[in-house]
Amino acid sequence: MEHGIDRNLATSADRADYLVELSNIVRRTDFGGPAPRSLHRLGLVVDALVRLTGDRDVAVYCVADRSLLGGRREFTEPGDAPTLARWVAEGLVEEVPDADERVLEIAGMTGIQVVTGDYYDDHRIEHPWIQGNTWQFLRPEPVGRGAVRLAPLDMGHRTGAEISKKMELSALKKQGLLTAARKPLVEVVGRAWRCPDARCSLYSVHRGGRVMLPRMRGGVPTCELHGTPLLDDGARPGAAQVKLVLDGECVGRYTLDEGARTEVGRAPGTADGIGLAGLLPAERAARVSRRHLLLAVRGGAVVVRDTSTYGSRIRVAGRRGHLGPWEPFAAAAAADRPFRPGDEVELTPGLVLTRSGRRFPAELAGAWRAEGARTALPPGAAEPTRSL
């Protein structure tokens, strides 16, 4: 099937009236029929732009993931895959490894409006202009008789925890570590791996600094460098990251290893403690105890205990990362509190210790297991508490 919209496809972004994230549009199944991938949906979008602008020759610049054409079997219309291949060859569609990043790069530089259904939550750190944007993105919405209209897409504001979780999912997706239901393969993520080649340290938790997640190929964890199946090296050791924020500015990041018991305070007096005296003005430091907090990590999960003379406050991030009210540690049911990504502990006004939104693989696996377990709890059942 040939498509009569070639004249609407621009060969460069500077010649286009609109930017289209083609991969997102072609894969949408809420309009344009049930096919997993269909170029007919792009035709519907162009028709909607013609109606919106009154210009039959409205020009669109299309960007697609390389994987879009790689999944040609999902195009149920026989002519779709050859047509897309021709568009790519003729420069009518820009094909890139990551369409999201390329679309945002162009949109950020030019201010061109983007037709998509993606909220780009995992790109908001690199592209903060997305936050609160209400005009630059248009979302196709189905209307009667198979047509679509283009409605402004309010990108809204995302919390750091929401952005981090989306980034986690994107990283796992790239490695083939998500199920069809977009859940992490916790039995893989929660394990340590090593390459059979003794010289390779990409995956070993015992060698080197940066430890990569395995790539799934044919359902098997595989070394990305050597292409060989990885060997199971046991349970992945836990790790977690905390940040120290002074008057809204991050002044320190600290990684806690599995089994760590880390004291935080003005002068904790231990080699693995987090000393704050050198980071704070004298008047602030005077309101922080020598040993103010105690952090512990088990299985990647972190708990915190207030050991201070002056007292501390804690507030907890909800499921979408929105923070609840401050409460004193004295109001807690137990001395130890779970300290999850997004949670904050205030040592003294303006000085906050917070869990980084980044979750290391062991914690990520544990968190998804725990989430599944929580959904199985009867109404009103309390979660178990753990002590240091």
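Predicted model only: the values in this text are computed from it and were never measured. In every chain, residue numbers begin from 1 and rise along the written sequence. Per-residue local features of the predicted model are confined to residues with pLDDT of at least 70, and side-chain atom pairs are confined, for both listing and counting, to 80 or more; whole-chain, interface and lining totals are unaffected and use all residues. Only hydrogens and water are removed before side-chain values are computed, so all heavy atoms of the structure are retained for them.

Remarks on the overall build of the chain
- In this text, helices come from DSSP runs of H or I with a minimum length of four residues, and strands from runs of E with a minimum of two, each type numbered from the N-terminal end. When helices and strands are tallied, the chain shows nine helices and 21 strands.
- Each of the 388 residues in the chain was classed as buried or not, and the buried ones make up 47%.
- The contact criterion used is simple: two residues touch if any of their non-hydrogen atoms lie within 4.5 Å. Taking as baseline every contact in the chain between residues at least 6 positions apart, the subset at least 24 positions apart corresponds to 60%.
- With an accessible surface of roughly 19000 Å², the chain has 52% of that area assigned to carbon and sulfur atoms. Buried means the residue's accessible area, taken with a 1.4 Å probe over protein chains only, is under 20% of the maximum for its type, while exposed means over 50%, and partly exposed covers the values in between. Every accessible area reported is derived by Shrake-Rupley at a probe size of 1.4 Å, with residue values counting cover from the shown protein chains alone.

Some remarks on helix α2 (residues 40-53)
- The span expected for a helix works out to 1.5 Å for each residue beyond the first. Spanning 14 residues, α2 covers 20 Å between terminal C-alpha atoms, matching the ideal 20 Å at 1.5 Å per step.
- Among the residues of α2, those classed as buried are Arg-41, Leu-42, Gly-43, Leu-44, Val-45, Val-46, Ala-48 and Leu-49.
- Of the residues flanking the end of α2, it is Gly-54, one or two places downstream, whose phi is positive at about 75°.

Here we look at the confidence of the model for the chain
- On a scale of 0 to 100, pLDDT captures the predictor's confidence in every residue. Looking at the chain as a whole, the pLDDT averages 84, with 87% of positions reaching at least 70.
- No element of the chain has a lower mean pLDDT than helix α9 (residues 361-375), which averages 54, and none a higher one than strand β1 (residues 18-21), which averages 97.
- A low-confidence stretch, residues 373-388 (pLDDT under 50), is modelled with 16 contacts involving residues beyond four sequence positions or located in other chains.

Concerning the pairing of strand β20 (residues 344-348)
- In terms of residue burial, β20 counts as a mostly covered element, since five of its five residues are buried.
- Any two strands between which DSSP finds at least two bridges are classified as paired. In this structure, strand β17 (residues 313-315) lies alongside β20, joined through three bridges in antiparallel fashion. In the strand pairing of β20, Arg-315 is matched with Glu-344.
- For β20 and strand β21 (residues 351-355), the ladder comprises four bridges, and the chain directions are antiparallel. Counterpart to Glu-346 in the pairing with β21 is Val-352.
- From the end of β20 to the start of β21, which pair antiparallel, there are two residues, and Gly-350 there has a positive phi angle of about 90°.

Side note on the side chain of Glu-21
- By the secondary structure assignment, Glu-21 is in strand β1.
- No salt bridge is formed by the buried Glu-21; the nearest opposite charge belongs to Arg-27, separated by 6.5 Å.
- Within the structure, the side chain of Glu-21 is placed 3.0 Å from the side chain of Thr-116, a separation counted as a polar contact.
- With residues up to four places along the chain from it excluded, the contact list for Glu-21 reads Val-63, Ala-99, Asp-100, Val-103, Val-115, Thr-116, Asp-118 and Tyr-120. Here Asp and Glu are counted as negative and Lys and Arg as positive; His is not counted, and neither are the chain ends. Salt-bridge detection follows one rule: a side-chain nitrogen of Lys or Arg within 4 Å of a carboxyl oxygen of Asp or Glu. Contacts described as polar in this section are N or O atom pairs within 3.5 Å, which, within protein, must combine one atom able to donate a hydrogen with one able to accept it, while residues neighboring in sequence count only if both atoms come from side chains.

As for the pairing of β21
- The buried fraction of β21 is high, at five of five residues.
- As judged from the five bridges shared by strand β11 (residues 239-246) and β21, these two strands associate in the antiparallel manner. Note that in β21 the partner of Leu-244 across the bridge is Leu-353.

Things to note about the sheet that holds β20
- A sheet is described by the order of its strands in space; here six strands give the open sequence β12-β11-β21-β20-β17-β18, paired in antiparallel fashion. For this open sheet the edge positions go to β12 (249-257) and β18 (327-328), each flanked by a neighbour on one side alone.

Side note on the packing of aromatic side chains
- Think of it this way: a Phe, Tyr or Trp ring, Trp meaning its six-membered ring, pairs with another when their centres are within 6.5 Å, and the plane angle makes it stacked under 30 degrees, edge-to-face over 60, tilted otherwise. Counted under the stated rule, the structure contains two aromatic pairs.
- With a centroid separation of 6.0 Å and 10° between ring planes, the pair formed by Trp-129 and Phe-137 is classed as stacked.
- By relative accessible area, which is 28% here, Trp-129 ends up partly exposed.
- Classification of Phe-137 by relative accessible area gives buried; the value is 0%.
- Following the ring pairs from residue to residue traces out a cluster consisting of Tyr-120, Trp-129 and Phe-137.

Some details on the pattern of salt bridges
- Applying the stated rule across the entire model yields 22 salt bridges.
- Among the ionic pairs, Arg-191 bridges to Asp-232, the shortest N-O distance being 3.3 Å. Taken together, the residues span a long stretch of sequence, with Arg-191 in strand β7 (residues 191-194) and Asp-232 in strand β10 (residues 231-235) at a distance of 41 residues.
- Residue classification places Arg-191 among the partly exposed positions, given a relative accessible area of 29%.
- Among the residues examined, Asp-232 registers a relative accessible area of 42% and is labelled partly exposed.
- Across the salt bridge formed by Asp-336 and Arg-305, the nearest N and O atoms sit 2.8 Å from each other. On the criterion of sequence distance, the pair formed by Asp-336 in strand β19 (residues 336-338) and Arg-305 in strand β16 (residues 301-306) is long-range, its members being 31 residues apart.
- Judged by its relative accessible area of 8%, Asp-336 falls in the buried class.
- On the accessibility criterion, Arg-305 (25% relative accessible area) is partly exposed.
- Each of Asp-6, Arg-86 and Glu-90 takes part in a single network of salt bridges with overlapping partners.

Quick word on the nonpolar core
- Residues belong to one nonpolar core when they are buried, are Ala, Val, Leu, Ile, Met, Phe, Trp, Tyr or Cys, and are joined through side-chain atoms within 4.5 Å. Leu-22, Leu-42, Val-60, Cys-62, Leu-84 and Trp-87 are the most contacted members of the largest nonpolar core, which has 31 residues in total.
- Elements supplying a minimum of two residues to this core: β1, α1 (22-27), α2, β2 (60-65), α3 (66-70), α4 (80-89) and β6 (148-152).
- The biggest single contributor to this core is α2, with six residues.
- Leave out the neighbours within four places in its chain, and Leu-42 touches Ile-5, Leu-9, Val-20, Leu-22, Ile-25, Cys-62 and Trp-87.
- With 23 residues, the next largest nonpolar core counts Val-264, Ile-314, Leu-347 and Leu-353 among its residues.

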